[in-house]
Amino acid sequence: MPYFFANPLYVIFTSGSTGTPKGVITSHDSVVDYLLNFVETFNISQNEIFGNQAPLDYIAGIRDIYIPLIVGCKTIFLNKSLFSTPILLFEELNKNKIRIPKTIIAPKTFEGVLYNNFDFLDKAEKELRYPMIIKEVYGSFGKQVYLAKSREEAVSIIKSLGYKDFIMQEFIETSYG
């Protein structure tokens, strides 16, 4: 292994949510290993189109910058404003042919008017099958993302969401965890 691979590439600092910010040193070798494994795990080729919304100084930016350079694929920079309107985001992803999991937008309900008919799950079950992901539209970092392994679990999750907007997506095993 070349000597520079063991050298530090960058330092990522935590936000200090525990009261004390901390820095984590990342080596060249660690980043290269991560990127090559990511490419192999998700079968990324030169035909892929990446949608980048991460700031380039953020850790996800490392993936979004270097993977297209490694495999020779295209990157589209997505406007941050799209992320406050999921429908516009899905339209932009589709327009640019950026690969995403199969997604079905759940029918809208309102506060005080909860779901009492779950026939819309029929389409989701046919197209997505179980297990499927049920995701609150305005959630992030896995806190509002649920895995339903059966219709009973899906109904239970949806009932717990009340009137919140949500989507249903295909489960991609290699993305789990």
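Residues numbered from 1 in each chain as written. Predicted model: local features only at pLDDT ≥ 70, side-chain atom pairs only at ≥ 80, totals over all residues. Heavy atoms only, no water.

J.: Give a detailed account of the overall build of the chain, specifying residues and quantitative values.
T.: Along the chain, the regular secondary structure elements total 5 helices and 8 strands. Seen in sequence order, the chain has helices and strands lined up from the N terminus as β-β-α-β-α-β-α-β-α-β-β-α-β. Expressed as lengths along the three principal axes of its C-alpha atoms, the size of the chain is roughly 65 × 45 × 30 Å. Residues classed as buried in the chain amount to 32% of the 177 residues present. (Helix = DSSP H or I, 4+ residues; strand = E, 2+ residues; numbered from the N terminus. Buried < 20%, exposed > 50% of the residue type's maximum accessible area, 1.4 Å probe, protein only.)

J.: Could you give me a rundown of the sheet that holds strand β5 (residues 103-105), with the residues and numbers involved?
T.: Strand-to-strand pairing in sheets goes through backbone hydrogen bonds, with the strands running parallel or antiparallel. Strand order in the open sheet made by the 4 strands is β5-β8-β6-β7, with antiparallel pairing throughout. Two strands close off the open sheet at either side, each with one partner strand: β5 and β7 (145-148). Looking at each pair of strands side by side, their axes are set apart by 25° on average, direction ignored. Of the strand pairs in this sheet, strand β6 (residues 132-136) and β7 are connected by 4 bridges, and their pairing is antiparallel. Bridge pairing in β7 links Met132 to Ala148. Lying on the sheet, helix α4 (residues 120-128) is in contact with β5, β6 and β8 (166-170); it crosses β8 at an angle near 25°. The strands touched by helix α5 (residues 151-161) are β6, β7 and β8; relative to β7, the strand with the most contacts, the crossing angle is about 155°. (Pairing = 2+ DSSP bridges. Axes fitted to C-alpha atoms, helices over the stretch in contact; angles between N-to-C directions. Contact = heavy atoms within 4.5 Å.)

J.: Residues and numbers for the packing of aromatic side chains, please.
T.: To describe a pair of aromatic rings, you give the distance between the ring centres and the angle between the ring planes. Under the defined criterion, the tally for this structure stands at 7 aromatic pairs. Residues Phe118 and Phe120 carry aromatic rings whose centres are separated by 6.1 Å and whose planes lie at 40° to one another, so their mutual orientation is tilted. Neither Phe118 nor Phe120 differs from the other in exposure class; each is buried. Relative to Phe166, the ring of Phe120 has its centre 6.3 Å away and its plane inclined at 55°; by these criteria the two rings are tilted. (Phe/Tyr/Trp six-rings, centres within 6.5 Å; stacked < 30°, edge-to-face > 60°.)

J.: So what's going on with the packing of helix α1 (residues 28-41) against helix α2 (residues 59-71)? Which residues, and what values?
T.: Any two packed helices are characterised by the angle at which their axes cross and by the distance between the axes. Between α1 and α2, the shortest axis-to-axis distance is 10 Å and the interhelical angle comes to 65°. Considered as vectors, α1 and α2 are oriented roughly perpendicular to each other. With respect to the hand of their crossing, α1 and α2 are arranged in right-handed fashion. On α2, the residues that touch Val31, Tyr34, Leu35, Leu36, Phe38 and Val39 of α1 are Ile62, Arg63, Tyr66, Ile67, Ile70 and Val71. Looking at side-chain class alone, the contact of α1 with α2 contains 11 nonpolar, no polar and 1 charged residues. (Parallel < 35°, antiparallel > 145°, perpendicular 65-115°, else oblique. Left-handed = near helix turned anticlockwise from the far one by under 90°. Nonpolar A, V, L, I, M, F, W, Y, C, P; charged D, E, K, R; others polar.)

J.: Talk me through helix α3 (residues 86-95); I want residue IDs and the actual numbers.
T.: Of the positions making up α3, those classed as buried are Pro86, Leu89, Phe90 and Leu93. The arc that holds every buried residue of α3, seen down its axis, measures 100°, which confines them to one face. (Arc of directions from axis to C-beta.)

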